[in-house]
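Next come the chains, spelled out residue by residue.
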Amino acid sequence: CALPILSVIDEAARRVIRKKLEFRVDARESVSPDVVESAEHRALTREVAERSFVLLKNEQQALPLVAPASLVVVGTLASQTNLGDRGSSNSVPSSAVSPLAGIQARAGGIPVTHVPGSDMVGAPPLTTAEEAQVKAASAAVVVVGLTTMDEGERLGGDSGGGDRKTLSLSPQHEALILAVAKLN
């Protein structure tokens, strides 16, 4: 296996650096949060979020919810502002709201209970007490999804990063959805 000549490596590095300087890749443009978080950008972000929600089934026309007597919000992710990867694509807005906090803020006088359930491998998705809370509520909202542990830099391989092989939920989240669907 022949090694490249040092002058060839130097020339290749010069070409890359020249292009970076030509396109000003070395100078980060600073954009004010007033622009990034403008009303127009926030509206677009909201639209993207709304379109990304997944409705598994609406067989009995359960949605939209019409003022249930009580609501249970299920899942450990419900109380988190789960904004995705914390690696190279990390973005931190000046404010963020967890699904639970958003639901509580919009619920009016409707009692909202949070039941975390379990994400632990091998553990039942709900304790007996949590099952009773889910069953007692008029309606249930299950919050599941991918976390930073499911994202690029956290995935295996010797490089310390990679792509998911699937966009499927974890078996624990699937079990949680099924358990809540059975009870409520």
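One structure accompanies this document, and this report is about it. Small disclaimer: the values here were computed from a predicted structure and weren't measured.

Basis of the calculations
Residues numbered from 1 in each chain as written. Predicted model: local features only at pLDDT ≥ 70, side-chain atom pairs only at ≥ 80, totals over all residues. Heavy atoms only, no water. Core = buried A, V, L, I, M, F, W, Y, C linked by side-chain atoms within 4.5 Å. Buried < 20%, exposed > 50% of the residue type's maximum accessible area, 1.4 Å probe, protein only. Helix = DSSP H or I, 4+ residues; strand = E, 2+ residues; numbered from the N terminus. Contact = heavy atoms within 4.5 Å. Polar contact = N/O pair within 3.5 Å; in protein donor to acceptor, adjacent residues only side chain to side chain. Patch = residues over 30% accessible without salt bridge, like charges linked within 9 Å, V, L, I, M, F, W, Y side chains within 5 Å. Areas by Shrake-Rupley, 256 points an atom, 1.4 Å probe, with all protein chains shown as cover. Salt bridge = Lys/Arg side-chain N within 4 Å of Asp/Glu carboxyl O. Pairing = 2+ DSSP bridges. Axes fitted to C-alpha atoms, helices over the stretch in contact; angles between N-to-C directions.

## Brief notes about the nonpolar core
Next, step 1: In terms of nonpolar packing, the biggest core is built from nine residues, these being Val-72, Val-74, Val-115, Leu-126, Val-134, Ala-137, Leu-176, Ala-179 and Val-180.
Next, step 2: Sorting the residues of this core by element identifies strand S1 (71-74) and helix H6 (171-183) as the ones contributing at least two each.
Next, step 3: Broken down by element, the residue count for this core peaks at three residues, all from H6.
Next, step 4: Sequence-distant contacts of Leu-176, that is, excluding residues within four places in its chain, are made with Val-74, Gly-75, Gly-117, Pro-125, Leu-126, Val-142 and Val-144.

## Notes on the side chain of Ser-118
Next, step 1: If you trace the backbone, Ser-118 turns up in the loop between strand S2 (112-115) and helix H5 (128-136).
Next, step 2: In this structure Ser-118 comes out as buried when scored by relative accessible area, which is 16%.
Next, step 3: Only 3.0 Å separates the side chain of Ser-118 from the backbone nitrogen of Met-120, close enough to count as a polar contact.

## With respect to a nonpolar patch on the surface
Next, step 1: A grouping of Val-31, Val-35 and Val-36 is seen on the molecular surface, where their side chains present a nonpolar patch of about 230 Å² in accessible area.
Next, step 2: By the element assignment, Val-35 lies in helix H2 (residues 33-36).
Next, step 3: Val-35 gets classed as partly exposed once you look at its relative accessible area, which sits at 46%.

## Some points on unusual backbone geometry
Next, step 1: Located in the positive-phi region is Ala-67, a residue other than glycine, with phi close to 30 degrees.
Next, step 2: Within the fold, Ala-67 resides in the loop between helix H3 (39-52) and S1.
Next, step 3: According to the relative accessible area criterion, Ala-67 is exposed, its value standing at 63%.

## Quick notes on the sheet that holds S2
Next, step 1: As summarised here, the arrangement of the three strands in space is S2-S1-S3, forming an open sheet in which the pairing is parallel. In this open sheet, the two strands that pair with only one neighbour each are S2 and strand S3 (139-142). When the angles between neighbouring strand axes are averaged without regard to direction, this sheet yields 25 degrees.
Next, step 2: Direction of pairing for S1 relative to S2: parallel, over a ladder of four bridges. Of the residues in S2, the one forming a bridge with Val-72 is Thr-113.
Next, step 3: Relative to S2, H5 is tilted by about 150 degrees, and along the sheet it contacts S1 and S2.

## Focus on the pattern of salt bridges
Next, step 1: Taken as a whole and assessed by the stated rule, the structure comprises five salt bridges.
Next, step 2: Residue Glu-22 pairs with Lys-19 through a salt bridge whose shortest N-O separation is 3.1 Å. Linking Glu-22 with Lys-19, this pair stays in helix H1 (residues 6-22), spanning three residues, or about one helical turn.
Next, step 3: Here Glu-50 makes a salt bridge to Arg-46, at a shortest N to O gap of 3.2 Å. With a gap of four residues between them, Glu-50 and Arg-46 both fall in helix H3, about one helical turn apart.
Next, step 4: A cluster of three or more residues bridged by salt bridges with shared partners is formed by Glu-11, Arg-14 and Arg-18.

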